[in-house]
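Chain by chain, the residues:
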Amino acid sequence: MNWCSLPGKTCSAITEVFQELNQSVLILGGPGSGKTLTMLQLAWDYIKLARGSSEYALPAYFNLSTWAQAQQPLELWLMHAIPEEVAQIWVEQVELLFLLDGVDEVPEKLRDDCIRAINKFRDKYPNAAIVVCCRTNEYSELSQKVADFMAHAS
């Protein structure tokens, strides 16, 4: 059931797009265009959704600039504070919505590695709900692109 279409319920355009695109969206835009705000609107909608039904993932926001410090497989970086067996269940059962912000904030020499880490995570957990944000110009300069994501301009 799509919560957005229930009588008396509304959600933002990004949430509708996210639900239509198999819960994988790449948000691109220029500096100050509202990429992070768009992502946070999706998070707010999903908090409301999760309150009403356990079938919706809980949003978990991560700034990718901190991934650059660790440079480890994405699932290890994402789950560093959660016991691995619990984290794996949450990921496999799509109980978390991963909001990965700031590919452009990763040092330039590590951005392709960051995208590779995202793609490996996606390969390992193909049903994981993921949103990735990046500035358009920085994304266009990458040799690696996020796999199986639809782009949404903010």
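Everything below is about the structure shown above.
Here is a short report on the structure shown in this document.

**Section: the environment of Thr38**
Argument step 1. Following the sequence through the fold, Thr38 ends up in helix H2 (residues 35–52).
Argument step 2. Taking the C-alpha atoms as reference points, Thr38 and Ile14, 24 residues apart in sequence, are found 6.8 Å from one another.
Argument step 3. Looking at Thr38, its side chain comes within polar contact range of the main-chain oxygen of Gly34, at 2.7 Å.

**Concerning the environment of Asn119**
Argument step 1. With respect to the helices and strands, Asn119 occurs in helix H6 (residues 111–124).
Argument step 2. When residues no more than four places from it in sequence are discounted, the contact partners of Asn119 are Gln144, Lys145, Val146 and Ala147.

**A look at the nonpolar core**
Argument step 1. Counting 30 residues, the largest nonpolar core has Leu64, Trp67, Leu74, Leu78, Phe98, Leu100 and Ile118 as its most contacted members.
Argument step 2. The greatest single-element share of this core, amounting to 5 residues, is contributed by H6.
Argument step 3. Those residues within four positions of Leu74 in sequence are excluded, and the remaining contacts are Leu64, Trp67, Leu100, Ala117, Ile118 and Phe121.
Argument step 4. Val17, Tyr56, Ala129 and Val131 belong to the second largest nonpolar core, which has 17 residues in total.

**Quick notes on the packing of aromatic side chains**
What characterises a pair of aromatic rings is the spacing of the ring centres plus the angle enclosed by the ring planes.
Argument step 1. Within this structure, the stated rule accounts for 6 aromatic pairs.
Argument step 2. For the pair Phe62 and Trp77, a centre-to-centre distance of 5.5 Å together with 55 degrees between the ring planes defines the contact as tilted. Remark: Trp77 occurs in helix H4 (residues 74–78) and Phe62 occurs in strand E2 (residues 58–63); sequence separation between them is 15 residues.
Argument step 3. Pairing Phe98 with Phe121 gives two aromatic rings, centres 5.4 Å apart and planes at 80 degrees, and the pair type is edge-to-face.

**Things to note about unusual backbone geometry**
Argument step 1. The phi angle at Gln71 is positive, at roughly 45 degrees, despite the residue not being glycine.
Argument step 2. Along the polypeptide, Gln71 turns up in the loop between helix H3 (67–70) and H4.

Rules and cut-offs
Residues numbered from 1 in each chain as written. Predicted model: local features only at pLDDT ≥ 70, side-chain atom pairs only at ≥ 80, totals over all residues. Heavy atoms only, no water. Helix = DSSP H or I, 4+ residues; strand = E, 2+ residues; numbered from the N terminus. Polar contact = N/O pair within 3.5 Å; in protein donor to acceptor, adjacent residues only side chain to side chain. Contact = heavy atoms within 4.5 Å. Core = buried A, V, L, I, M, F, W, Y, C linked by side-chain atoms within 4.5 Å. Buried < 20%, exposed > 50% of the residue type's maximum accessible area, 1.4 Å probe, protein only. Phe/Tyr/Trp six-rings, centres within 6.5 Å; stacked < 30°, edge-to-face > 60°.

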